[in-house]
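# Remarks on the overall topology
Here is how the chains run, residue by residue.
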Amino acid sequence: MKKIDKALVLNIISAFARFYMAYIWISAGSAKINQHLAVAQTIQAYEIFTPEWSNYLAYVIGPLEIAGGVLLLLGLFLRPASWVSIAVLTLFITGIAQAWARGLGIDCGCFEVDPNSDAQVQNYFKTIARDLFYIFLAAWTIKRPFKKFALHP
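Residues numbered from 1 in each chain as written. Predicted model: local features only at pLDDT ≥ 70, side-chain atom pairs only at ≥ 80, totals over all residues. Heavy atoms only, no water.

For the protein chain, the helix and strand inventory stands at 5 helices and 0 strands. Put simply, the protein chain runs from its N terminus to its C terminus through helices and strands in the order α-α-α-α-α. For the C-alpha atoms alone, the extent of the protein chain along its principal axes is close to 55 × 30 × 25 Å. Going through the 153 residues of the protein chain one by one, you find that 37% of them count as buried. A fraction of 80% describes how many contacts in the protein chain between residues 6 or more apart in sequence connect residues 24 or more apart. If the 13 positive side-chain charges of the protein chain are averaged to one point and the 9 negative ones to another, these points end up 23 Å apart. (Helix = DSSP H or I, 4+ residues; strand = E, 2+ residues; numbered from the N terminus. Buried < 20%, exposed > 50% of the residue type's maximum accessible area, 1.4 Å probe, protein only. Contact = heavy atoms within 4.5 Å. Lys, Arg positive; Asp, Glu negative; His and termini not counted. Charge placed at Lys NZ, Arg CZ, Asp CG, Glu CD.)

Here's what the structure looks like:
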(Lines give C-alpha, C1' and ligand atoms only; values in the text may rest on other atoms or scores of the structure.)
Protein backbone atom coordinates (compact mmCIF):
# COMPACT_ATOMS: atom_id res chain seq x y z
CA MET A 1 0.00 0.00 0.00
CA LYS A 2 1.34 3.42 -0.97
CA LYS A 3 1.94 6.05 1.66
CA ILE A 4 -0.14 9.20 1.17
CA ASP A 5 2.00 12.21 0.35
CA LYS A 6 1.16 14.74 3.08
CA ALA A 7 2.49 17.68 1.05
CA LEU A 8 0.27 16.74 -1.88
CA VAL A 9 -2.82 16.55 0.33
CA LEU A 10 -2.01 19.93 1.90
CA ASN A 11 -1.47 21.45 -1.56
CA ILE A 12 -4.84 20.13 -2.71
CA ILE A 13 -6.56 21.66 0.33
CA SER A 14 -4.71 24.94 -0.22
CA ALA A 15 -5.65 25.03 -3.91
CA PHE A 16 -9.28 24.28 -3.05
CA ALA A 17 -9.34 27.03 -0.40
CA ARG A 18 -7.88 29.67 -2.71
CA PHE A 19 -9.81 28.88 -5.87
CA TYR A 20 -13.11 28.09 -4.18
CA MET A 21 -13.04 31.40 -2.30
CA ALA A 22 -12.20 33.18 -5.57
CA TYR A 23 -15.26 31.52 -7.10
CA ILE A 24 -17.44 32.47 -4.09
CA TRP A 25 -16.45 36.15 -4.18
CA ILE A 26 -16.75 36.47 -7.96
CA SER A 27 -20.14 34.70 -7.96
CA ALA A 28 -21.50 36.80 -5.11
CA GLY A 29 -20.30 40.05 -6.67
CA SER A 30 -21.50 39.18 -10.16
CA ALA A 31 -25.01 38.54 -8.84
CA LYS A 32 -25.11 42.13 -7.58
CA ILE A 33 -23.99 43.83 -10.79
CA ASN A 34 -26.85 45.65 -12.56
CA GLN A 35 -29.12 44.95 -9.56
CA HIS A 36 -28.57 48.25 -7.73
CA LEU A 37 -32.12 48.79 -6.46
CA ALA A 38 -32.55 45.18 -5.32
CA VAL A 39 -29.17 45.20 -3.56
CA ALA A 40 -29.98 48.51 -1.85
CA GLN A 41 -33.33 47.11 -0.66
CA THR A 42 -31.64 43.95 0.61
CA ILE A 43 -29.07 45.99 2.56
CA GLN A 44 -31.79 48.24 3.95
CA ALA A 45 -33.77 45.20 5.16
CA TYR A 46 -31.05 44.56 7.76
CA GLU A 47 -32.13 47.84 9.39
CA ILE A 48 -28.54 48.83 10.13
CA PHE A 49 -27.89 51.53 7.54
CA THR A 50 -29.84 54.58 6.44
CA PRO A 51 -31.34 54.50 2.94
CA GLU A 52 -28.51 56.74 1.75
CA TRP A 53 -25.81 54.40 3.08
CA SER A 54 -27.67 51.36 1.74
CA ASN A 55 -27.71 53.04 -1.66
CA TYR A 56 -23.98 53.79 -1.50
CA LEU A 57 -23.09 50.27 -0.35
CA ALA A 58 -25.21 48.79 -3.15
CA TYR A 59 -22.91 50.51 -5.66
CA VAL A 60 -19.65 49.27 -4.14
CA ILE A 61 -20.30 45.84 -2.63
CA GLY A 62 -20.57 43.87 -5.90
CA PRO A 63 -17.44 45.31 -7.54
CA LEU A 64 -15.46 44.91 -4.29
CA GLU A 65 -16.48 41.26 -3.98
CA ILE A 66 -15.44 40.65 -7.58
CA ALA A 67 -12.12 42.43 -6.99
CA GLY A 68 -11.41 40.23 -3.95
CA GLY A 69 -12.20 37.12 -5.97
CA VAL A 70 -9.95 38.21 -8.81
CA LEU A 71 -7.07 38.83 -6.38
CA LEU A 72 -7.43 35.28 -5.09
CA LEU A 73 -7.86 33.82 -8.56
CA LEU A 74 -4.75 35.52 -9.93
CA GLY A 75 -2.77 34.96 -6.76
CA LEU A 76 -2.23 38.63 -6.02
CA PHE A 77 -1.58 39.43 -2.37
CA LEU A 78 -3.04 36.12 -1.17
CA ARG A 79 -2.60 36.72 2.54
CA PRO A 80 -3.89 40.33 2.60
CA ALA A 81 -6.84 39.38 0.37
CA SER A 82 -7.66 36.53 2.75
CA TRP A 83 -7.47 38.83 5.78
CA VAL A 84 -9.92 41.17 4.07
CA SER A 85 -12.15 38.16 3.33
CA ILE A 86 -12.19 37.27 7.01
CA ALA A 87 -13.04 40.85 7.99
CA VAL A 88 -15.86 41.09 5.44
CA LEU A 89 -17.27 37.67 6.36
CA THR A 90 -17.18 38.64 10.04
CA LEU A 91 -19.21 41.76 9.21
CA PHE A 92 -21.67 39.64 7.20
CA ILE A 93 -22.05 37.20 10.11
CA THR A 94 -22.59 40.10 12.51
CA GLY A 95 -25.30 41.56 10.26
CA ILE A 96 -27.04 38.22 9.86
CA ALA A 97 -26.82 37.44 13.58
CA GLN A 98 -28.30 40.80 14.58
CA ALA A 99 -31.14 40.36 12.09
CA TRP A 100 -31.80 36.87 13.49
CA ALA A 101 -31.67 38.12 17.09
CA ARG A 102 -34.09 40.94 16.29
CA GLY A 103 -36.51 38.59 14.53
CA LEU A 104 -36.16 40.18 11.10
CA GLY A 105 -37.29 37.97 8.23
CA ILE A 106 -34.76 38.73 5.51
CA ASP A 107 -32.98 37.12 2.61
CA CYS A 108 -29.26 37.88 2.77
CA GLY A 109 -28.96 38.62 -0.95
CA CYS A 110 -25.59 36.92 -0.91
CA PHE A 111 -25.59 35.02 -4.20
CA GLU A 112 -28.89 35.86 -5.82
CA VAL A 113 -30.54 39.23 -5.96
CA ASP A 114 -33.79 38.89 -7.86
CA PRO A 115 -36.32 41.63 -7.23
CA ASN A 116 -38.98 39.65 -9.13
CA SER A 117 -38.84 36.52 -6.98
CA ASP A 118 -40.76 35.94 -3.79
CA ALA A 119 -38.27 36.66 -1.03
CA GLN A 120 -37.61 33.70 1.19
CA VAL A 121 -36.46 34.12 4.76
CA GLN A 122 -33.02 32.65 4.98
CA ASN A 123 -31.97 29.89 7.32
CA TYR A 124 -29.83 32.03 9.63
CA PHE A 125 -27.97 29.13 11.23
CA LYS A 126 -27.09 27.59 7.87
CA THR A 127 -25.96 30.94 6.47
CA ILE A 128 -23.74 31.68 9.48
CA ALA A 129 -22.29 28.14 9.39
CA ARG A 130 -21.53 28.58 5.67
CA ASP A 131 -19.77 31.88 6.33
CA LEU A 132 -17.76 30.31 9.16
CA PHE A 133 -16.62 27.64 6.68
CA TYR A 134 -15.56 30.43 4.32
CA ILE A 135 -13.61 32.03 7.17
CA PHE A 136 -11.87 28.68 7.72
CA LEU A 137 -10.88 28.57 4.03
CA ALA A 138 -9.59 32.15 4.15
CA ALA A 139 -7.61 31.39 7.33
CA TRP A 140 -6.17 28.30 5.63
CA THR A 141 -5.04 30.52 2.75
CA ILE A 142 -3.34 32.85 5.22
CA LYS A 143 -1.57 29.95 6.95
CA ARG A 144 -0.72 27.96 3.84
CA PRO A 145 -1.38 29.87 0.60
CA PHE A 146 -1.38 27.94 -2.65
CA LYS A 147 1.31 29.88 -4.50
CA LYS A 148 1.35 27.86 -7.68
CA PHE A 149 0.01 30.00 -10.55
CA ALA A 150 0.21 33.05 -8.23
CA LEU A 151 1.35 36.33 -9.73
CA HIS A 152 2.30 37.85 -6.37
CA PRO A 153 1.68 35.61 -3.35
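Once that is clear, we can look at a nonpolar patch on the surface. On the surface, a cluster of nonpolar side chains totalling about 440 Å² of accessible area is made up of Ile48, Phe49, Trp53 and Tyr56. Owing to a relative accessible area of 39%, phenylalanine 49 belongs among the partly exposed residues under this scheme. (Patch = residues over 30% accessible without salt bridge, like charges linked within 9 Å, V, L, I, M, F, W, Y side chains within 5 Å. Areas by Shrake-Rupley, 256 points an atom, 1.4 Å probe, with all protein chains shown as cover. Salt bridge = Lys/Arg side-chain N within 4 Å of Asp/Glu carboxyl O.)

Our next topic: the packing of helix H1 (residues 6-32) against helix H4 (residues 78-101). Running from N to C, H1 and H4 cross one another at 50 degrees; their axes reach a closest spacing of 12 Å. The angle between H1 and H4 falls in the class oblique. The handedness of the crossing between H1 and H4 comes out as left-handed. Here H1 contributes Arg18, Met21 and Trp25 to the contact with H4, which in turn contributes Leu78, Ser85, Val88, Leu89 and Phe92. (Axes fitted to C-alpha atoms, helices over the stretch in contact; angles between N-to-C directions. Parallel < 35°, antiparallel > 145°, perpendicular 65-115°, else oblique. Left-handed = near helix turned anticlockwise from the far one by under 90°.)

Turning our eyes to something else, we now look at the nonpolar core. Counting residues in hydrophobic clusters, the biggest one holds 26 residues, and the most contacted among them are Met21, Tyr46, Leu72, Leu89, Ala99 and Ile106. Within the residue set of this core, elements represented by two or more residues are H1, H4 and helix H5 (124-143). Once residues lying within four places of it in the same chain are set aside, the contact partners of alanine 99 are Tyr46, Leu104, Ile106 and Tyr124. Counting 7 residues, the second-largest nonpolar core is a separate cluster that includes Ala38, Val39, Ala40 and Val113. (Core = buried A, V, L, I, M, F, W, Y, C linked by side-chain atoms within 4.5 Å.)

Tracing the sequence through the fold places serine 82 in helix H4. When near neighbours in sequence (up to four residues on either side) are disregarded, serine 82 contacts Leu72, Ala138, Thr141 and Ile142.

So, about the pattern of salt bridges. A complete count under the given rule lists 3 salt bridges for this structure. Of the charged contacts, one joins lysine 32 and glutamate 65 as a salt bridge, the two residues approaching to 3.0 Å between their closest N and O atoms. With lysine 32 in helix H1 and glutamate 65 in helix H3 (residues 51-74), this pair connects stretches of sequence that are 33 residues apart. Classification of glutamate 65 as buried rests on a relative accessible area of 5%. For the salt bridge of arginine 102 with glutamate 47, the shortest nitrogen-to-oxygen distance reads 2.7 Å. Remark: glutamate 47 occurs in the loop between helix H2 (36-45) and H3 and arginine 102 occurs in the loop between H4 and H5; sequence separation between them is 55 residues. For glutamate 47, a relative accessible area of 49% puts it in the partly exposed group.

With that out of the way, let us pick up the UniProt feature "transmembrane region" (unreviewed entry) in the protein chain. With numbering matched to this structure, UniProt assigns "transmembrane region" (unreviewed entry) to residues 7-26, 56-76 and 83-101. From the first C-alpha to the last, residues 7-26 spans 28 Å; its make-up is 100% helix and 0% strand. End C-alpha atoms of residues 56-76 are separated by 27 Å, and the span's content is 90% helix alongside 0% strand. (UniProt positions renumbered as here; feature names shortened; annotations may be inferred.)

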